[in-house]
Amino acid sequence: ASEPDTEEIPSPDLVSEATRVLMENWRGLYTVPASGLYPHQWSWDSAFIAVGLRHVSPRRAQQELESLLGAQWADGRLPQIVFASGRDDEYSPGASFWRSELIPGSAPVPTAGLIQPPNHAWAALLVHEADPEESRRRRFLDRAYPRLVAWHEYLRRRRSDEAGLAFTVHPWETGMDNSPAWDAPLAAVRGTFGGNVPRPDLRHADVTERPSNAEYEKYLSLAATYRDAGCDDSVAATPFRVTDPGVTALWIRSELALGRIAEELGIEADHADRAAALTEALEDLWDAELGCYVPVDRVSCEPQRFRSITGLLPLIVPDLLHVDELLGTLHGEHFRLGRSVLVPSFDLTAPEFDTSRYWRGPAWFNTAWVLVNGLLECGLETEARVLADTMGARAVESDFAEYLDPITGAAHGTRRFSWTAALSLDLHV
Ligand code: 9WN
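All of these numbers come straight from a predicted model, not from anything done at the bench. Here the residue numbering is sequential within each chain, running from 1 through the sequence in written order. Totals for whole chains, interfaces and linings use every residue, but because this is a predicted model, local features are given only for residues with pLDDT of at least 70 and side-chain atom pairs only at 80 or more, for both listing and counting. Processing note: side-chain calculations cover all non-hydrogen atoms of the structure and skip hydrogens and water entirely.

Chemist: Looking at this structure, I do not really get the overall build of the protein. What am I missing?
Modeler: Only DSSP runs of H or I reaching four residues or more are called helices, and only runs of E reaching two or more are called strands; each is numbered from the N terminus. For the protein, the helix and strand inventory stands at 16 helices and 10 strands. With the principal axes as the frame, the protein shows a C-alpha extent of 75 × 55 × 45 Å. Partly exposed describes any residue whose relative accessible area lies between the buried limit of under 20% and the exposed limit of over 50%, with all areas from a 1.4 Å probe on protein chains only and scaled to the type maximum. A buried classification covers 60% of the 429 residues belonging to the protein. In this description, contact between two residues means that some pair of their heavy atoms is separated by no more than 4.5 Å. Within the protein, counting contacts between residues at least 6 apart in sequence, those at least 24 apart form 70% of the total. Method for areas: the Shrake-Rupley scheme with a 1.4 Å probe, in which residue coverage is limited to the protein chains shown. When the accessible surface of the protein is summed, it comes to about 16,400 Å², and 49% of that surface belongs to carbon and sulfur atoms. In the protein, 39 positive and 64 negative side-chain charges are present, and the distance between their average locations comes to 6 Å. When charges are tallied, Lys and Arg are placed among the positive residues and Asp and Glu among the negative ones, while His and the ends of the chain are skipped. The location of each charge is read from NZ of Lys, CZ of Arg, CG of Asp or CD of Glu.

Chemist: Teacher, can you tell me more about the site of the ligand here?
Modeler: When at least one non-hydrogen atom of a residue lies within 4 Å of a molecule or strand, that residue is treated as near it. Around the ligand there are 17 residues in total, and Asp-45, Tyr-91, Gly-175, Asp-177 and Tyr-358 lie nearest to it. N or O atoms within 3.5 Å of each other form a polar contact, as long as, within protein, one can give a hydrogen and the other can take it, and as long as residues adjacent in sequence are counted only when both atoms are side-chain atoms. At a separation of 2.6 Å, an oxygen atom of the ligand approaches a polar backbone atom of Gly-175. Interatomic distance of 2.7 Å between a side-chain N/O atom of Asp-177 and an oxygen atom of the ligand. Within the complex, 100% of the 410 Å² of free accessible area of the ligand lies under protein.

Chemist: Help me understand unusual backbone geometry in this model?
Modeler: Excluding glycine, a negative phi dihedral is what most residues carry, and trans is how most peptide bonds are arranged. Residue Pro-93 follows Ser-92 across a cis peptide bond; omega there is 0°. Summarising the element assignment, Pro-93 is placed in the loop between β2 (81-82) and α4 (95-98). At Cys-301, a position not held by glycine, the phi torsion is positive, near 65°. With respect to the element layout, Cys-301 can be found in the loop between β7 (296-297) and α13 (323-331). According to the relative accessible area criterion, Cys-301 is exposed, its value standing at 59%. Of note, Asp-399 is a non-glycine position whose phi angle comes to about 55°, a positive value. Judged by relative accessible area, Asp-399 falls into the partly exposed class, the value being 31%.

Chemist: Please clarify how helix α2 (residues 43-56) should be interpreted in this entry.
Modeler: Working note: α-helix, 3.6 residues per turn, so residues spaced by three or four point in the same direction. Between its terminal C-alpha atoms α2 stretches 20 Å, which fits the 20 Å expected from 14 residues at 1.5 Å a residue. Note on bend: the value at a residue is the angle between axes fitted to the seven residues ending there and to the seven starting there. The largest bend in α2 comes to about 30°, at Ala-50. In terms of burial, α2 is largely enclosed, as 12 of its 14 residues are buried. Buried within α2 we find Ser-43, Trp-44, Asp-45, Ser-46, Ala-47, Phe-48, Ile-49, Ala-50, Val-51, Gly-52, Leu-53 and Arg-54. Expected span, for any helix, means 1.5 Å times one less than how many residues it has.

Okay, structure coming up:
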């Protein structure tokens, strides 16, 4: 008798619906994270989106990254947001807050001055691999590589501490805006924005799901301080300075991808050595008692001792020292892999845990995708498949929600969210 055929057949709903979301949110050269709430191009969103878009149109996936790389600053930074013209009232802070055209060395287009996590080189490699012929024909990697190298150089030269780890100067830079891990560093920031906090986001999302006004006061005050220093890292006295394990893990994975890209281009470079040095430095963030990596506040020099999703992302780093303990934490009561919905963004047992407020507990699809890759890195193919399948099912069922209640699976945030569509698609074609 023949073996039962258990091969996963991609769900037609997922593939066609996710493609539709990506087409709806495409703006000619890039994709918005969601129409309404996020009307511009975001940095790490674009990289995640390109990873899914490569299955629909490798050329569009290349353009997605190229348009972001086209907004690179002279110092190599890739900006958190590239602003679409004529949409200044729709998102705050927008182009009229940043006035990037007044800052020497800024991009040729209006952008924010902050950055986001460096997942771009990883995405560029995946986009190339989807259609190497088209990529070579368009000289995609030849053009992207020097810009990606300059981006990593920016992190190394302008944003690294003595240990070689990059620091972020704003919660937005971590991509996990209101994680409880930023509560203490943020509480120590004295500035406020004078109570006049524009919140166009609340036209599109429930007030209980977004960061609070008090947090927004700090966010805007920090951004204004950085902007007023010309976004110059050598002079900006940044009252928020945090080293983050998730940012570091993505940097390492991207540095390794740069190594592969250099090989493809026949360029000799030391990306593997850089990745190894970063991997060693990452171990400084290990917290043995909590069983995960933790961010460190570089102002107070205090580790932020919480179990949060950022501390699990190092699973994507090859040859990690504490992989078994980290897997134990992912499976244990704090995140309950397989028993909670996707992976909660924060420790389920902690008093700060919140089922619906943004990065204080809800489960996100981008971190689930990173962890699928982490499980694969650890050789746990079955577990990776189960998480990937859950992502696909939950994405369709929630109409591609921005994030989910990790206990009930209820949809939260905006819908038809681009990276939810892109990353679920990536795991199902
Ligand atoms: C600020 C776009 C971005 C994501 C972030 C997510 C959220 C912005 C916001 O949306 O942040 O950058 O307005 O809250 O936290 O990860 O890149 O999708």
